[in-house]
Amino acid sequence: QKEVEQDPGPLSVPEGAIVSLNCTYSNSAFQYFMWYRQYSRKGPELLMYTYSSGNKEDGRFTAQVDKSSKYISLFIRDSQPSDSATYLCAMTATSGSARQLTFGSGTQLTVLP
Amino acid sequence: GAGVSQSPSNKVTEKGKDVELRCDPISGHTALYWYRQSLGQGLEFLIYFQGNSAPDKSGLPSDRFSAERTGGSVSTLTIQRTQQEDSAVYLCASRLGAGGGYTFGSGTRLTVV
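Residues numbered from 1 in each chain as written. Chains lettered and ligands numbered in written order. Predicted model: local features only at pLDDT ≥ 70, side-chain atom pairs only at ≥ 80, totals over all residues. Heavy atoms only, no water.

### Description of the sheet that holds strand E1 (residues 5-7) of chain B
All names here are of chain B. Here 4 strands make up an open sheet; going across it, the order is E1-E3-E8-E7 and the pairing antiparallel. Edge positions in the sheet fall to E1 and strand E7 (65-69), since each has one partner strand and no second. The average angle at which neighbouring strand axes cross in this sheet is 15 degrees, direction not considered. Where E1 meets strand E3 (residues 19-24), 3 bridges bridge the pair, whose relative direction is antiparallel. Each bridged residue has a counterpart across the sheet, and for Gln6 the counterpart in E3 is Cys23. (Pairing = 2+ DSSP bridges. Helix = DSSP H or I, 4+ residues; strand = E, 2+ residues; numbered from the N terminus. Axes fitted to C-alpha atoms, helices over the stretch in contact; angles between N-to-C directions.)

And the structure:
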């Protein structure tokens, strides 16, 4: 069993829809949670960074962490065709420079105009 | 530079040949990471550098893989006697230090034929 599970999709939604992306994990030591967006043939770029449980909002993006359920979510409001990409969740137990991230396998999202 | 630069962007090599992949991190970033991304898979950690030393090389899949970093800057990932299962996108990321986010390069797409 992988430490981080993520539904690979693909997920296709109409423009303007609310998108929900999710990951589950098994390692209770994880405390720092991230969402990355990866366009085709590009490296991942950091979208959201959260510590421990709770919500964090940034524009059209909201990240939620429920440590009791070992479940994290990314919501995209008013989705745009430019949001079409692969979304990767990532997490780690430590905050120091030595931390390596454990990634989900990514969810491929297409927003149709 | 402004971002993390990787070269070559694409590499096709014959099985059994050696390859070198290069990463030029953001100037001043002390931490450097190599990850591997196979089709449909998440990012797999390979090795971490702090300055020129590699305190964590636990992700290197075999002794055919090695990496070095010189001058606290450029890093080279070497794969000897390449195998078809080495085909993947090799991503490099750098980080300023504790508390900063990773910045990824666009990767090197390696195909072993």
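Moving on, there is more to tell.
### Comments concerning the nonpolar core
One finds Trp35, Ile72, Leu74, Ile76, Tyr87 and Met91 of chain A to be the most contacted residues of the largest nonpolar core, which totals 24 residues. For this core, the secondary structure elements donating two or more residues are strand E3 (19-25), strand E4 (32-38), strand E5 (45-51), strand E7 (61-66), strand E8 (71-76), strand E9 (85-92) and strand E11 (107-112) of chain A. Trp34, Phe65, Tyr90 and Leu110 of chain B belong to the second largest nonpolar core, which has 19 residues in total. (Core = buried A, V, L, I, M, F, W, Y, C linked by side-chain atoms within 4.5 Å. Buried < 20%, exposed > 50% of the residue type's maximum accessible area, 1.4 Å probe, protein only.)

### Some remarks on the environment of Thr13 of chain B
Residues and elements named next belong to chain B. By the secondary structure assignment, Thr13 is in strand E2 (residues 10-13). Separated by 70 residues in sequence, Thr13 and Gln83 place their C-alpha atoms 9.6 Å apart. The residues contacting Thr13, other than those within four sequence positions of it, are Val19, Thr82, Leu110, Thr111, Val112 and Val113. (Contact = heavy atoms within 4.5 Å.)

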